[in-house]
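# Working through the structure, step by step
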Amino acid sequence: MACCPFHDDKHPSMKVDRRFHCFGCQADGDVIDFTARLFGLNKKEAALKLAEDFSVSFDAKDHDPPRRRPVKRKISEELRFRQAEQKCFRALCDYLHLLERWEKEYAPQTPEETWNPLFVEALQKKPYTEYLLDILLSGSMEERACVVAEYGKEVRKIEQRISEFTASHPAGRHERSRSLSAGAER
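Our subject in this report is the structure included herewith. (Residues numbered from 1 in each chain as written. Predicted model: local features only at pLDDT ≥ 70, side-chain atom pairs only at ≥ 80, totals over all residues. Heavy atoms only, no water.)

### Quick word on the environment of Leu123
Counted only if it meets this: Secondary structure elements follow DSSP: runs of H or I of four or more residues count as helices, runs of E of two or more count as strands, with numbering from the N terminus.
Residue position: Leu123 is located in helix 4 (residues 117–138). Residues Leu123 and Trp102 lie 21 residues apart in sequence; the distance between their C-alpha atoms is 9.1 Å.

Laid out in structure tokens, this is it:
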């Protein structure tokens, strides 16, 4: 009998022979379990520690399980499609919001005023963008797949267009004031 090192033991409550068992905290196992628990190791590390501490030779050849290469999880085709569909939808939504903003902000205030190219783009691209979004929202699986497949390059161009515009027009307002002042100078 011995005092258990795994809990605050005042009176010997651990029986030790070929195995150990504590009647106080219910710790139980063999010498490897004891070493692992005492030093906070896994079982293999505990066995190697015991072999080293007691000068027991250990030949690890052919004893380790074969090393497995990490397997890359393959993304299913359905998941890949869903991700592409969501990316397409987000880009088209962002573009539609930008077109709606341009339609309001850059609309000519007088019939003589020159149309801003962003206003023209909004008038030209907004119905088509709404059409594509309608298909993604309520189209059949085949129609949605067709939009994702056929307009993938176009969506990348739209994303680039949005990032270019936001980089060069953080507020989006100074372009309008420049076009109005240029119109007033004429």
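Next comes the rest of the account.
### Topic: helix 6 (residues 152–168)
Where we set the bar: By this rule the span expected of a helix is its residue count minus one, scaled by 1.5 Å. Exposure classes here rest on a 1.4 Å probe applied to the protein chains alone. A residue is buried below 20% of its type maximum, exposed above 50%, and partly exposed in between. Here the arc refers to the set of directions running from the helix axis out to each C-beta atom. By definition, residues are in contact when any of their heavy atoms lie within 4.5 Å.
Over its 17 residues, helix 6 extends 24 Å from the first C-alpha to the last, a length consistent with the 24 Å expected when each residue adds 1.5 Å. Buried within helix 6 are the following residues: Gly152, Val155, Ile158, Ile162 and Phe165. Along the long axis of helix 6, the arc covered by the buried residues comes to 145 degrees, so they all point the same way. Structural note: helix 6 exposes Lys153, Lys157 and Ala167 on the side pointing more than 90 degrees away from its buried face. In this structure, the buried residues of helix 6 make contact with helix 3 (77–105), helix 4 and helix 5 (141–150).

### Brief notes about the packing of aromatic side chains
For clarity, the threshold we go by: Ring pairs shown here join Phe, Tyr and Trp side chains whose ring centres sit within 6.5 Å, with only the six-membered ring taken for Trp; geometry is labelled stacked below 30 degrees between planes, edge-to-face above 60, and tilted in between.
Counted by the stated rule, this structure contains four aromatic pairs. Ring plane angle 90 degrees and centroid distance 5.3 Å describe the contact between Trp115 and Phe119, whose orientation is recorded as edge-to-face. Each residue in the set Phe6, Phe20 and Phe34 is aromatic and connected to the rest through ring pairs, giving one cluster.

### What about helix 3?
Because the α-helix completes a turn every 3.6 residues, residues three or four places apart line up on one side. Helix length check: helix 3, at 29 residues, gives a terminal C-alpha distance of 42 Å against a target of 42 Å (1.5 Å per residue), a fit within 8%. Those residues of helix 3 that sit buried are Phe81, Glu85, Cys88, Ala91, Leu92, Tyr95, Leu96, Leu98, Leu99, Trp102 and Glu105.

### Comments concerning the nonpolar core
Heads up, the condition is: Grouping buried Ala, Val, Leu, Ile, Met, Phe, Trp, Tyr and Cys residues that are joined through side-chain atoms within 4.5 Å yields what is termed a nonpolar core.
Ranked by internal contacts, the top residues of the largest apolar core, which has 25 residues, are Cys88, Leu92, Trp102, Tyr106, Leu136, Val147 and Phe165. Elements supplying a minimum of two residues to this core: helix 3, helix 4, helix 5 and helix 6. For this core, the leading source of residues is helix 3, giving nine residues. Within the second largest apolar cluster, six residues are counted, among which are Phe6, Met14, Cys22 and Ala27.

### Examining the packing of helix 3 against helix 6
To be explicit about the condition: Axes here mean lines fitted to C-alpha atoms, for a helix over just the part in contact, with angles spanning 0 to 180 degrees between N-to-C directions. For classification, angles of less than 35 degrees are called roughly parallel, those exceeding 145 degrees roughly antiparallel, those between 65 and 115 degrees roughly perpendicular, and all remaining angles oblique. What makes a crossing left-handed is the near helix being turned counterclockwise from the far one by less than a right angle; a clockwise turn instead makes it right-handed. For this classification, Asp, Glu, Lys and Arg are treated as charged, while Ala, Val, Leu, Ile, Met, Phe, Trp, Tyr, Cys and Pro are nonpolar and the rest, including Gly, are polar.
Following both chains from N to C, one finds helix 3 and helix 6 inclined at 45 degrees, their axes separated by 9 Å at the closest point. In this view, helix 3 runs oblique relative to helix 6, as classed from their interaxial angle. The way helix 3 lies across helix 6 gives a crossing that is left-handed. Note on element contacts: helix 6 touches helix 3 through Val155, Ile158, Glu159, Arg161, Ile162 and Phe165, opposite Lys87, Cys88, Ala91, Leu92, Asp94, Tyr95, Leu98, Arg101 and Trp102. In terms of residue class, the contact of helix 3 with helix 6 is made up of ten nonpolar, no polar and five charged.

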